Amino acid sequence: MNYPKGDVMKHTKHNRYHRRCLFPLFAGVLLSCLVLIISRGDVLAEGKATSKNITKTEKKSIDRPWTCHENAVNSVVFSPDAKMLASGNDNGIVIWDLMSMKSAGNPLIGHSGVVWSVAFSPDGKTLASGGADGTVILWDMASMKSKGEPMTGHEGWVEGVSFSPDGKILASCGADGLIMLWDIAGMKAIGEPCMGHSEPVESIAFSPNGKMLASCGVDGNVILWDIANMKQIDEPLTGHTMWVESVAFSPNGTLLASGSDDGTIILWDVAGRKPIDKPLTGHKGAVESVVFSPDGKMLASCSMDKSVILWNIADRRPIGEALTGHTESVQSVAFSHDGTLVASGSEDGTIILWDVASQKPIGIPLTISKED
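Quantities reported herein were computed from a predicted structural model and do not represent experimental measurements.

(A) Molecular detail of the overall build of the chain. Of regular secondary structure, the chain possesses 2 helices and 33 strands. Burial statistics for the chain: of 372 residues in total, 53% are counted as buried. Expressed as a percentage of contacts within the chain between residues at least 6 apart in sequence, the contacts between residues at least 24 apart total 44%. In the form shown here, the chain has an accessible surface area of approximately 16,900 Å², with 55% of it arising from carbon and sulfur atoms.

Encoded structure:
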């Protein structure tokens, strides 16, 4: 696998990989070795070291490849018509039918690693995904199949993908510290990759008018880019004390929200390039994702503290209590396009749909079955 530039152990996604994948893997290997030694010892003592004497535990370890996938939900996004929800998971992409509250067919499998980010095109006909294999894939939602070959150019994990408002351009950011623009029609890169961050880039977002792109990363900076020439607009926005995980523009483009591992959210005045007030505090852990409601009156955020918070933009205070229900870190949050629903995806392998008005879960969580 390709690691990003910089200190790997400072990077939350890489911490999660080591914690959830490598450690269980090593423990499993050690356990199997112990079982193998004990069982082989018994067999040799009897002078019958044949394949028939392999225990069930040994056979399982031999017949099945080691896997670190636990089906964590890394990214969630509603389709523009709010009939579907897409989730990027450790094992692929699941498309959910929100009428039946069930998966719509088989998972979309194309990446050879974890899927970190998914995004619908404005017309809902295309889904883009970025994965740990360093590729970007475009999916045709009518056929539920990929459009051509995966797009390559990043040298590490693809952390985020975002469509321009007109749907003609896709932006991707990666653990290699690069930002790339892709021509959707031609499925090819536009110009050279852009580099402004000194560490992995975690999230990107287009402004509503499509003239700017915001990015954030492990270096703790937020950068605004001029799409016309892909040059930085002035100096990076600084204010967070740790790496920044997520950025989102308000619907009218006047505000930019950034969520950080320092546990805070900063609302930036885009024109003035400065915070509009002190940081929003309420989470007790790293803020993994932020998103504005369609009317711009609310902001939703999620955190490693296992909660989701809805914020009132007018007074910059939480609306009610934090939404709790997940048992692990909440990695992604999304508003439906009518603003009535919020979806949250977690490392616990579930997605919870929340009714915004009542702030209550709708039905039972959508669950991705873990491997045996």
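Text resumes after the structure shown.
(B) Quick look at the sheet that holds strand 4 (residues 102-103). Strands sit in the order 1-2-3-4 across an open sheet of 4 strands; the sheet is antiparallel. A strand with exactly one partner marks an edge of an open sheet, and here the two such strands are strand 1 (73-78) and strand 4. Bridge analysis of strand 2 (residues 84-89) against strand 3 (residues 92-97) gives 6 bridges, and the strand direction is antiparallel. Its bridge partner lying in strand 3, Leu85 is registered against Trp96.

(C) Highlighting the pairing of strand 5 (residues 115-120). Burial analysis of strand 5 places 6 of its 6 residues in the buried class, which makes it a mostly covered element. As judged from the 5 bridges shared by strand 5 and strand 6 (residues 126-131), these two strands associate in the antiparallel manner. Its bridge partner being in strand 6, Ser117 is matched across the sheet by Gly130. The hairpin formed by strand 5 and strand 6 contains 5 residues between the paired strands, and Gly124 there has a positive phi angle of roughly 75 degrees.

(D) Region of interest: the layout of surface pockets. A volume near 1,400 Å³ is recorded for the largest pocket. What lines the largest pocket is a set of 49 residues, and nearest its centre among them are Val77, Ser162, Ala205, Ala248 and Val291. Every element with two or more residues in the lining of the largest pocket is listed here: strand 1, strand 5, strand 10 (158-163), strand 15 (201-206), strand 19 (244-249), strand 24 (287-292) and strand 29 (330-335). Broken down by class, the residue content of the lining of the largest pocket amounts to 27 nonpolar, 17 polar and 5 charged.

(E) How the structure looks around unusual backbone geometry. The phi angle at Met230 is positive, at roughly 50 degrees, despite the residue not being glycine. Even without a glycine there, the phi angle at Gln359 is positive, about 60 degrees. One can find Gln359 in the loop between strand 31 (350-355) and strand 32 (360-361). Assessed through its relative accessible area of 17%, Gln359 is described here as buried.

(F) Structural detail: the sheet that holds strand 17 (residues 222-226). Strands sit in the order 15-16-17-18 across an open sheet of 4 strands; the sheet is antiparallel. The outermost strands of the open sheet, each flanked by one partner alone, are strand 15 and strand 18 (231-232). Inspection of the sheet shows strand 16 (residues 212-217) paired to strand 17 by 5 bridges, in the antiparallel sense. The partner of Met212 across the bridge, within strand 17, is Asp226.

(G) Inspection of the side chain of Ser293 at higher detail. Locating Ser293 in the fold gives a position in the loop between strand 24 and strand 25 (298-303). What makes Ser293 buried here is its relative accessible area of 2%. Not counting residues up to four positions away in its chain, the partners in contact with Ser293 are Pro251, Met298 and Phe335.

(H) Representation of the pattern of salt bridges in the model. Counted according to the given criterion, the structure contains 2 salt bridges. Note that Asp277 and Arg316 form a salt bridge whose closest N and O atoms lie 3.1 Å from each other. In this pair, Asp277 is assigned in the loop between strand 22 (274-275) and strand 23 (280-281) and Arg316 in the loop between strand 26 (307-312) and strand 27 (317-318), connecting sequence segments 39 residues apart. Residue classification places Arg316 among the partly exposed positions, given a relative accessible area of 26%.

(I) The pairing of strand 24, seen in detail. Of all 6 residues in strand 24, 6 are buried, a share of seventy percent or more. Where strand 24 and strand 25 come together, 5 bridges link them in antiparallel fashion. In the strand pairing of strand 25, Phe292 is matched with Leu299. The hairpin formed by strand 24 and strand 25 contains 5 residues between the paired strands, and Gly296 there has a positive phi angle of roughly 75 degrees.

(J) Fine view of the side chain of Thr135. Position of Thr135 relative to the elements: it lies in strand 7 (residues 135-140). Since its relative accessible area comes to 11%, Thr135 is described here as buried. Other than its neighbours up to four places away in sequence, Thr135 contacts His111, Ser129, Gly130, Pro150, Met151, Thr152 and Val158.

(K) Examining the environment of Val73 more closely. Looking at the element boundaries, Val73 is found in strand 1. Here Val73 falls in the buried class, since its relative accessible area comes to 0%.

Criteria and thresholds
Residues numbered from 1 in each chain as written. Predicted model: local features only at pLDDT ≥ 70, side-chain atom pairs only at ≥ 80, totals over all residues. Heavy atoms only, no water. Helix = DSSP H or I, 4+ residues; strand = E, 2+ residues; numbered from the N terminus. Buried < 20%, exposed > 50% of the residue type's maximum accessible area, 1.4 Å probe, protein only. Contact = heavy atoms within 4.5 Å. Areas by Shrake-Rupley, 256 points an atom, 1.4 Å probe, with all protein chains shown as cover. Pairing = 2+ DSSP bridges. 1 Å grid on protein atoms, 1.4 Å probe; cavity = no way out; pocket = protein on both sides within 12 Å on 5 of 7 lines; lining within 4 Å. Points joined across faces, edges and corners; volume = space filled by probe spheres on them. Nonpolar A, V, L, I, M, F, W, Y, C, P; charged D, E, K, R; others polar. Salt bridge = Lys/Arg side-chain N within 4 Å of Asp/Glu carboxyl O.

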